[in-house]
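Architecture and fold: a report
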Amino acid sequence: MYYSTIIPDELFKIKEVKARMILDSRGNPTVQVRVITKGLGVGIANAPSGASTGIHEAVELRDGGRDFHGKGVSKAVSNVNNVIAEALKDMDSRNQYMIDKKMIEIDGTPNKSRLGGNAIVATSLAVAKAAAATYEQPLYMYLGGRFANLLPVPMLNIINGGVHAGNKLDFQEFMIVPAGFKSFSEALKAAVETYHELKRILKERYGPSAINVGDEGGYAPPMEKITEALDALIDAIKAAGYEPGKEIAIALDAASSQFYNKDKNVYVVEGIERSREEMIELYEKLVDEYPIISIEDPLDEEDFEGFAEITKRLGNKVLIVGDDLFTTNPGRFRKGIEAGAANAILVKVNQVGTLSETMMVIEEAKFNNYRTIISHRSGETEDTTIADIAVGLRAGLIKTGAPARGERTAKYNRLLEIEEELDRPVYPGWKAFPRIPV
Ligand code: PGA
Ligand code: ZN
C-alpha cells in the first residue's frame, strides 16, 4: 500500500529546519531538531548523550560558562538554525547521503566539533523522519522497505556498576537477554517479570536502598563481587519462572577501560591486579559457570590485539562486543576487522554522527560477519528513533536499558507498536548469537 502512492518530488524538498534546546534524562540540555518538507512531512529527533565519551567519537558541542554548569547547547542550536537550515533548504529530504555529506563538509573537522555532533545527529535523523512522514510511512519501513520485519533481541541492563553507579561493582552493566522466546513481546514480558523479581530479591538481600535505579533504569545495589550480581540475576530469572540459559541468558558490559591502569598495564578487578591474560581467564571462568552470551569491552579500548585473542578463545560461544574499542568509528572498526578483534559492534548513532554513516557501519559489519547492536546512551530522551533503526536496518539486537524510566521504556513501547504493525514480525532469538549457552 505504501508504494502505490505517487508523490511529486517537489514535496520532499526541505522547507524548514529548526532546532531548540530540550532536556535529557539526566537533566542536561540537549538538541532537538524539527524538519518540515514542502509536503508538510514533519520529522523530530533529539540528540542523546553519553557519560564516558571517547576521543574517537563525534563531539557534543557545549557552551561552557556558567549557565547549566557549562552544558548549555545554544551554540549547537544556533548552528542548526543559522548554518545548517540555510544549507539544507530545498534539498530533497530523501537524499540522506548528500544531506549528511553536506553537513560533514560544512563542519570540516574529523570529529564534527565545529557544528557539533549533537546538532548534526539530530538534524540527520529528523531529515529521515520528515522524508518518511512525507511518504506517510513509519521510519522503519522508509529505511528497510518490505525487509524491515526483524525485531531486535533486547539486552536489558538491570544491575549497574562501574561509572554508572555508586557501588563497588567493577563491571558497568549486567544485562538479561530474553533470547529463548518466539516473539519480541513474549521476550519483553519475561524480562519485565525478571526485573521485578530482581527488585524483590535485592531488597531482601541488601535492604531498601538497593532498589534505587541508576541512569539506565537498572538497580545499583551495594554489591562488591561480580559473582554476587550474576547470582542475583540467575535467582531472579528462576524466581520469575524461566530457565537461565535456555530462555533468558546474561550479557556483560565490563567497560574495562575504566578499571585498566595504563601505567602498570594491569586491570584492577575486586582489588586484584590482573594482566590481560588473567582477565581473559577470568572471562573464560565466568562463561563456564554462568549462561553468559555476550561480553562488551572485556579489555582496554586500545587493545586490538587482546580483543583478537579473546575473540579467538571465546568468540565461538559468546559475542565479544566493541563499544569503547570502536566508538562506531569506521576507521577504528576497519582496524578491528583486520585484526580479528571482536565479533560484534555496538552502534551508537551519535558516536558516528549521521544516519548515513550509521548505515555504512552496519553494512560493513554485515559484510564481515560482525553482529550489530543498536544502542541508546546513558543520557537519553523520549525519542524512539533507534527502535525504528533497529528494525529498519535489521540490526538483530538492541541495548536500551532496563524496562523502567520513560526514556528507556519509550523504545520498548515503540518496538511493541512496530511488532503489532508488521504483517509477519520475525524475532531472531538465539539466531542473534553464536550458540545457545547450555
Ligand atoms: P554511555 O555508556 O552512553 O554513558 O557512553 C553506555 C555504554 O557503555 O554502553
Ligand atoms: Zn559500553
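Residues numbered from 1 in each chain as written. Chains lettered and ligands numbered in written order. Predicted model: local features only at pLDDT ≥ 70, side-chain atom pairs only at ≥ 80, totals over all residues. Heavy atoms only, no water.

1. What to know about the packing of aromatic side chains
- As enumerated under the stated definition, the model contains 13 aromatic pairs in all.
- Between Phe-181 and Tyr-242 the ring centres are 5.6 Å apart and the planes differ by 75°, which places this aromatic pair in the edge-to-face class. Pair noted here: Phe-181 is in the loop between strand 5 (173-177) and helix 5 (184-206) and Tyr-242 is in the loop between helix 6 (226-239) and strand 6 (249-253), with a separation of 61 residues, a long-range link.
- A relative accessible area of 13% places Phe-181 in the buried class.
- For Tyr-242, a relative accessible area of 14% gives the class buried.
- Put simply, the rings of Phe-171, Phe-174, Phe-259, Tyr-260, Tyr-267 and Tyr-283 pair up and form one aromatic cluster. (Phe/Tyr/Trp six-rings, centres within 6.5 Å; stacked < 30°, edge-to-face > 60°. Helix = DSSP H or I, 4+ residues; strand = E, 2+ residues; numbered from the N terminus. Buried < 20%, exposed > 50% of the residue type's maximum accessible area, 1.4 Å probe, protein only.)

2. Considering the coordination of the zinc ion (ligand 2)
- All of the protein donors around the zinc ion (ligand 2) are Asp-253 (OD), Glu-296 (OE) and Asp-323 (OD); their distances to the metal are 2.0 to 2.2 Å.
- In primary sequence terms, the donor set of the zinc ion (ligand 2) follows D-x42-E-x26-D. Of this pair, Glu-296 sits in strand 10 (residues 292-296) while Asp-323 sits in the loop between strand 11 (319-322) and helix 9 (330-339), and the two are 27 residues apart along the sequence. Taken as a pair, Glu-296 and Asp-323 share a single burial class, namely buried. (Donors = N, O, S within 2.8 Å, 3.2 Å for Na, K, Ca; no water.)

3. As for a nonpolar patch on the surface
- Together, Met-21, Leu-23 and Phe-68 give the surface a local cluster of nonpolar side chains, amounting to about 280 Å² of exposed area.
- Relative to the helices and strands, Met-21 is located in strand 1 (residues 14-23).
- On the basis of relative accessibility, which here comes to 35%, the residue Met-21 falls in the partly exposed class. (Patch = residues over 30% accessible without salt bridge, like charges linked within 9 Å, V, L, I, M, F, W, Y side chains within 5 Å. Areas by Shrake-Rupley, 256 points an atom, 1.4 Å probe, with all protein chains shown as cover. Salt bridge = Lys/Arg side-chain N within 4 Å of Asp/Glu carboxyl O.)

4. Thoughts on the side chain of Glu-380
- Take Glu-380: it is sitting in the loop between strand 13 (371-375) and helix 12 (385-392).
- Since its relative accessible area comes to 5%, Glu-380 is described here as buried.
- A polar contact of 2.8 Å, which involves the side chain of Glu-380, links it to the side chain of Lys-411.
- Sequence-distant contacts of Glu-380, defined by excluding residues within four places in its chain, comprise Asp-24, Ser-25, Pro-48, Glu-407, Arg-408 and Lys-411. (Polar contact = N/O pair within 3.5 Å; in protein donor to acceptor, adjacent residues only side chain to side chain. Contact = heavy atoms within 4.5 Å.)

5. Things to note about the pairing of strand 10
- The element strand 10 is largely enclosed, with a buried count of 5 among its 5 residues.
- Inspection of the sheet shows strand 6 paired to strand 10 by 4 bridges, in the parallel sense. When the bridges of strand 10 are listed, Asp-253 appears paired with Glu-296.
- Pairing geometry for strand 10 and strand 11, over 3 bridges, is parallel. Within strand 11, the position partnered with Ile-295 by the bridge is Ile-320.
- Read as a crossover between parallel neighbours, the route from strand 10 over helix 8 (residues 304-314) to strand 11 is right-handed. (Pairing = 2+ DSSP bridges. Right-handed = clockwise from strand over helix to strand, strands pointing away.)

6. Comments concerning the site of ligand 1
- Near ligand 1 lie 15 residues; those nearest to it are Ala-51, Gln-172, Arg-377, Ser-378 and Lys-399.
- Contact between ligand 1 and Asp-253: an oxygen atom at 3.3 Å from a side-chain N or O atom of the residue.
- In the environment of ligand 1, an oxygen atom lies 2.8 Å from a nitrogen or oxygen atom belonging to the side chain of Arg-377.
- Among the residues forming the shell around ligand 1, the class breakdown is 2 nonpolar, 5 polar and 8 charged. (Near = heavy atom within 4 Å. Nonpolar A, V, L, I, M, F, W, Y, C, P; charged D, E, K, R; others polar.)

7. What to know about the pattern of salt bridges
- Evaluated as defined, the whole model comprises 37 salt bridges.
- Among the ionic pairs, Arg-200 bridges to Glu-204, the shortest N-O distance being 3.0 Å. Taken as a pair, Arg-200 and Glu-204 lie in helix 5 at a separation of 4 residues, close to a single helical turn.
- Judged by its relative accessible area of 39%, Arg-200 is partly exposed.
- By relative accessible area, Glu-204 is classed as exposed at 60%.
- Arg-414 is the salt-bridge partner of Asp-388, the closest N and O atoms lying 2.7 Å from each other. Placement of Asp-388 in helix 12 and of Arg-414 in helix 13 (residues 406-421) is noted, with a sequence separation of 26 residues between them.
- For Asp-388, a relative accessible area of 4% translates into the label buried.
- Where salt bridges share partners, they join Glu-277, Glu-284, Glu-309, Lys-312 and Arg-313 into one cluster.

8. Focus on the sheet that holds strand 9 (residues 272-274)
- Strands sit in the order 7-8-9 across an open sheet of 3 strands; the sheet is antiparallel. Each edge of the open sheet is held by one strand with a lone partner, namely strand 7 (260-261) and strand 9.
- Across 2 bridges, strand 7 lies against strand 8 (residues 266-269) in antiparallel orientation. Among the inter-strand pairings, Tyr-260 is bridged to a residue of strand 8, identified as Tyr-267.
- Sheet strands in contact with helix 7 (residues 276-289) are strand 8 and strand 9, and its direction is about 105° off that of strand 9. (Axes fitted to C-alpha atoms, helices over the stretch in contact; angles between N-to-C directions.)

9. A few points about the domain arrangement of the protein
- According to the domain assignment, the protein consists of domain 1 (9-137) and domain 2 (145-432).
- If you average the C-alpha positions of domain 1 and of domain 2, the two centres end up 27 Å apart.
- In this complex, domain 1 contributes 31 residues to the contact, which on the side of domain 2 involves 28 residues.
- Roughly 2300 Å² of surface becomes buried between domain 1 and domain 2 when both sides are summed, with 51% attributable to carbon and sulfur atoms.
- Summed over the shared surface of domain 1 and domain 2, the number is 4 salt bridges.
- In this structure, Asp-215 engages Arg-26 in a salt bridge whose closest nitrogen and oxygen atoms are separated by 2.7 Å.
- Our count for the contact surface shared by domain 1 and domain 2 stands at 22 residue pairs in polar contact (both at pLDDT 80 or more).
- Of all the secondary structure elements, the ones that give two or more residues to the side of domain 1 that touches domain 2 are strand 1, strand 3 (42-46), helix 2 (96-107) and helix 3 (117-134).
- The element contributing the most residues to the side of domain 1 that touches domain 2 is helix 3, with 6 residues. (Domains from an automatic or database assignment. Buried area = accessible area lost by both parts, 1.4 Å probe.)

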